[in-house]
Amino acid sequence: MHTPQHALQQSMMRREDAPHVGSESTEDGQTIHMLHEEFVYHIAWLRVLEIWFHHAHWSTKGETYYGDHLMFERIYREVSGLIDQLAEKGVAMAGVKVVDTHTFSRLLAEILCSYPSPSRANEPTMIAATGLALVNDYLETLDETYKKVKASGAMTMGLDDLLMSYANKIEGFVYLLKRRVQTSISDQSSISER
């Protein structure tokens with residue numbers, strides 16, 4: 001699993017990239033830097049989900065084509081709607097470097113390429129299973145970030161609400177994808193028993 005620290009180190013993120021406010025204390029600077037890392041990482045992750053599920057939408061095939069096509073479209077469109085809110089909150093709390101395109105490009109490539117491409121799946125259930133792994137990994141990362149920000153004392157009511165609503169949305173995707181994978185496995189078991 002990816003961590004914000006590892007991914008940002010890989011993308012050559014430096015301490016001086018974090019915003020600085022005139023006479024901030026070291027502790028405040030560390031908090032801003034931590035928030036910066038977390039926002040960058042999560043905005044990139046959401047872009048990964050958006051891109052991956054958009055490609056799954058185009059790549060789906062087989063008997064479940066149309067249902068999968070619509071489900072993947074729902075996921076990438078809903079994820080797309082989450083990105084702007086998180087980016088704006090990140091800029092407000094940690095500075096404009098949160099939305100640096102160079103950092104995103106490196107991070108996107110690293111995360112996206114660590115999962116199989118939907119276009120390379122041999123059968124449709126593998127697309128849904130990979131999508132399930134993606135959203136589960138992101139949900140775990142979101143939980144870790146929530147705990148980290150809360151423990152640092154940097155959690156605001158608005159950020160708490162935003163992260164909780166994202167967790168709720170992602171858990172909904174987990175449910176849809178689990179059902180899709182389980183249905184396919186059940187169908188295959190029924191066929192082999194005949």
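Residues numbered from 1 in each chain as written. Predicted model: local features only at pLDDT ≥ 70, side-chain atom pairs only at ≥ 80, totals over all residues. Heavy atoms only, no water.

Asks: Any chance you could explain the side chain of threonine 141 here in plain terms?
Replies: Of note, threonine 141 is situated in helix H5 (residues 124-152). At 2.9 Å, the side chain of threonine 141 forms a polar contact with the backbone oxygen of aspartate 137. (Helix = DSSP H or I, 4+ residues; strand = E, 2+ residues; numbered from the N terminus. Polar contact = N/O pair within 3.5 Å; in protein donor to acceptor, adjacent residues only side chain to side chain.)

Asks: I would appreciate a short explanation of the nonpolar core in the present structure.
Replies: If you look at soluble globular proteins, the nonpolar side chains tend to sit buried side by side. Counting 53 residues, the largest nonpolar core has Leu46, Leu49, Phe53, Val135 and Leu177 as the members making the most contacts within it. Breaking this core down by element, the ones donating at least two residues are helix H2 (26-59), helix H3 (65-94), helix H4 (101-112), H5 and helix H6 (157-193). Looking at this core element by element, the count peaks at 14 residues for H2. Residues in contact with leucine 49, not counting those within four places in the same chain, are Val79, Leu134, Val135, Tyr138 and Ile170. (Core = buried A, V, L, I, M, F, W, Y, C linked by side-chain atoms within 4.5 Å. Buried < 20%, exposed > 50% of the residue type's maximum accessible area, 1.4 Å probe, protein only. Contact = heavy atoms within 4.5 Å.)

Asks: What am I meant to see in the pattern of salt bridges here?
Replies: Proximity of charged atoms lets side chains of opposite charge pair with each other. Counted under the stated rule, the structure contains eight salt bridges. Ionic pairing is found between aspartate 160 and lysine 150, a salt bridge with its closest N-O pair at 3.7 Å. With aspartate 160 in helix H6 and lysine 150 in helix H5, this residue pair connects regions lying ten residues apart in the sequence. Judged by relative accessible area, aspartate 160 falls into the buried class, the value being 18%. The exposure class assigned to lysine 150 is partly exposed, which follows from its relative accessible area of 45%. Among the ionic contacts, a cluster of salt bridges with common partners joins Arg74, Glu78 and Lys169. (Salt bridge = Lys/Arg side-chain N within 4 Å of Asp/Glu carboxyl O.)

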